[in-house]
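Okay, here's what each chain looks like letter by letter:
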Amino acid sequence: MTRGAGRRAWLAVGLASAASFLVLLDDSAVALSLSRMGQELGLALVGIEWVVNIYSLAFAVLVLWGGMLADRLGARRVLCAGLAAFAGVSLAAGLASSGDLLIALRAAQGMSAAFIAPAALAVVTTSFPPGRRGAALGVWAGVSASAVAAGPLIGAVLTQVFGWRSIFLVNVPLAVLLLLVAVLVLPVDAMTVPRGRLDIAGLLSSATALSFLVLGLTQATSLGWASLVVWAVFGTAAVASVAFIAVERHAENPLLDLALFRLPNFAAGNLLGLLNLAIMCSLFFFLALYLQRGMLLRPLSAGLALLPFTALIAIVAPLAGRLADRTGPRTPIVTGLWLVSVGLLLLSRIGPESTVRDVLPALLIAGLGLGLASSPTTTAAMSSVPTRSTGIGGATVTVSRLLGLALGVAVMGTIVSVGWPGGTVITGGQRAVFAGALGVGFAVNAALALLGGVAAVVFIRPTRPASSPDAKSSEVDSCLGDSAAMPGDGPDVP
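Computed from a predicted structure; not experimentally measured.

Caption draft 1: How the structure looks around the overall build of the chain. Scanning the chain for helices and strands turns up 17 helices and zero strands. Expressed as a percentage of the 494 residues in the chain, the buried residues total 59%.

Caption draft 2: Looking closely at the side chain of Thr 377. Tracing the backbone shows Thr 377 in helix α14 (residues 356-382). Of note is the side chain of Thr 377, whose polar atom sits 2.8 Å from the backbone oxygen of Ser 374. At 3.1 Å, the side chain of Thr 377 and the side chain of Arg 401 are in polar contact.

Caption draft 3: Layout of the nonpolar core. Judged by nonpolar contacts, the single largest core of 136 residues is most densely connected at Met 37, Phe 59, Leu 287, Phe 309 and Leu 438. Not counting the four nearest positions on each side in its chain, Leu 438 is found in contact with Phe 286, Leu 287, Tyr 290, Ile 350, Met 412 and Val 416. Listed in part, the nine residues of the second largest apolar core include Leu 272, Ile 333, Val 334 and Leu 337.

Caption draft 4: Up close: the packing of helix α4 (residues 75-94) against helix α5 (residues 99-126). The interhelical angle for the contact between α4 and α5, taken along N-to-C directions, is 155 degrees, at an axis separation of 8 Å. When the axis of α4 is compared with that of α5, the two are roughly antiparallel. Like other packed secondary-structure pairs, α4 and α5 cross with a definite hand, here left-handed. In this structure, α4 contributes Ala 75, Val 78, Leu 79, Gly 82, Leu 83, Ala 85, Phe 86, Val 89, Ser 90, Ala 92 and Ala 93 to the contact, and α5 contributes Leu 102, Leu 105, Ala 108, Gln 109, Ser 112, Ala 113, Phe 115, Ile 116, Ala 119, Ala 120, Ala 122 and Val 123. A per-class count over the contact of α4 with α5 returns 19 nonpolar, four polar and no charged.

Caption draft 5: Up close: the packing of aromatic side chains. In this structure the tally under the stated criterion is five aromatic pairs. Relative to Phe 168, the ring of Trp 164 has its centre 6.3 Å away and its plane inclined at 80 degrees; by these criteria the two rings are edge-to-face. Its relative accessible area of 2% is what places Trp 164 among the buried residues.

Caption draft 6: Spotlight on the pattern of salt bridges. Per the counting criterion, the structure on display carries one salt bridge. Salt-bridge contacts for Glu 40 lead to Arg 165; the nearest nitrogen and oxygen are separated by 3.7 Å. In this pair, Glu 40 sits in helix α2 (residues 34-41) while Arg 165 sits in the loop between α6 (133-162) and α7 (166-169), placing the two residues 125 residues apart along the sequence. What makes Glu 40 partly exposed here is its relative accessible area of 49%. Relative accessible area serves as the criterion here: at 25%, Arg 165 is assigned to the partly exposed category.

Caption draft 7: Structural detail: the layout of surface pockets. In this model, the second largest pocket occupies a volume close to 660 Å³. The set of elements that each furnish at least two residues to the lining of the second largest pocket consists of α9 (200-223), α10 (228-250), α11 (266-293) and α15 (390-416). In terms of residue count, the dominant contributor to the lining of the second largest pocket is α10 (six residues). For the lining of the second largest pocket, the class distribution of residues is 19 nonpolar, five polar and no charged.

Caption draft 8: Quick look at α15. Its 27 residues place the ends of α15 38 Å apart at the C-alpha level, agreeing with the 39 Å of an ideal helix rising 1.5 Å per residue. Among the 27 residues that make up α15, 24 are buried, leaving the element largely enclosed by the rest of the structure.

Procedures and definitions
Residues numbered from 1 in each chain as written. Predicted model: local features only at pLDDT ≥ 70, side-chain atom pairs only at ≥ 80, totals over all residues. Heavy atoms only, no water. Helix = DSSP H or I, 4+ residues; strand = E, 2+ residues; numbered from the N terminus. Buried < 20%, exposed > 50% of the residue type's maximum accessible area, 1.4 Å probe, protein only. Polar contact = N/O pair within 3.5 Å; in protein donor to acceptor, adjacent residues only side chain to side chain. Core = buried A, V, L, I, M, F, W, Y, C linked by side-chain atoms within 4.5 Å. Contact = heavy atoms within 4.5 Å. Axes fitted to C-alpha atoms, helices over the stretch in contact; angles between N-to-C directions. Parallel < 35°, antiparallel > 145°, perpendicular 65-115°, else oblique. Left-handed = near helix turned anticlockwise from the far one by under 90°. Nonpolar A, V, L, I, M, F, W, Y, C, P; charged D, E, K, R; others polar. Phe/Tyr/Trp six-rings, centres within 6.5 Å; stacked < 30°, edge-to-face > 60°. Salt bridge = Lys/Arg side-chain N within 4 Å of Asp/Glu carboxyl O. 1 Å grid on protein atoms, 1.4 Å probe; cavity = no way out; pocket = protein on both sides within 12 Å on 5 of 7 lines; lining within 4 Å. Points joined across faces, edges and corners; volume = space filled by probe spheres on them. Expected span 1.5 Å × (residues − 1).

See the structure below:
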């Protein structure tokens, strides 16, 4: 790769990372505005959760479609279309006059994000050859983690200074700017004939499975895990998932090549990425609520209280990506998840008299662990995905993280709902119950992080250094067979 080509490749990585940052920032920035948003629009706890979960639901339902279109039509076209739609819907969301309308527009935002995210990850993956993808993926994952980490503080500042509507309105100029840069920086997609017939059965069955799965997770908080309705929804998701697998096994041009899950670390990286994001987002969501409802902090003060924690994630995540490129992803993933477990166990001791200073050491330990694990899980999942499948591979990574977000909020929400105080004025007794429920939720997450570290030891395979691309190519060929090198795949470098 020449110096000019290398500079252009890094510009493409920067653009794609910024697009992913925007999509994730819009989700995490809402956390510290939910209390004020709910009070102004008259939303109860279930409605507040829907503001978050409907975005994830729409995102998850369509993200495989977005990945498929990125592979068939080109990542540049799909990314630009997604950015244009995201700008328009964000403008409408910022002007929403009711809770129901805002929730509907959040669904539309999720649909737009479903095209941006897999296309952006495809751009990152194809910007460098296999032997040099680790650093690029580390940058992407680090920037993405920074969005989740910085979102609460940015949202708090915007909410306190300009009101909660500014969280959506600020997306408009940012998305337009990224769209213009994409047109100028990214190479024009080759005009190729789409490969075979569209897998309509796969599209419909995957959408059904993902929508009912996320719907079940979001409804479990309000209806309870013992609800027959909830388990009927989960049952529908299970039937649709079985149908999707059966369809993909026999489809001439499957939406999702199941052989990807035979690639080294792909399945394990997706599962651990799901777990890492579930813990991260549930911690953000409910700790932010407690800082405002339990400790009675204003949104900006709550964001500043979380700043050391979020800043640590933002700093460590890119460094962990480089570490994974040199040593393999297993060591930082295991270390990170076990540190998260320690931090959450300390946080589980939170009480009604706890102050920000009391919880800060535990937050720093958890933040260090989350930063260490976030980038390497993506590197593990995407490091050996062939160029022709980067769109759907990136979509699969995105789905796992979206399911993690919904699962984390649903499980934690079920626990915390027992102690949810409601209203705007909280008595000392209500604060104690709220803190107790929050502590139980943190303890559950600590156990999950511990088990995740054990799973990483068992299932994440050691990889050779990134300077050995031939080793990676042989691994891909052994898993996917001769089909991994199809005529017309072209080089990895744009």
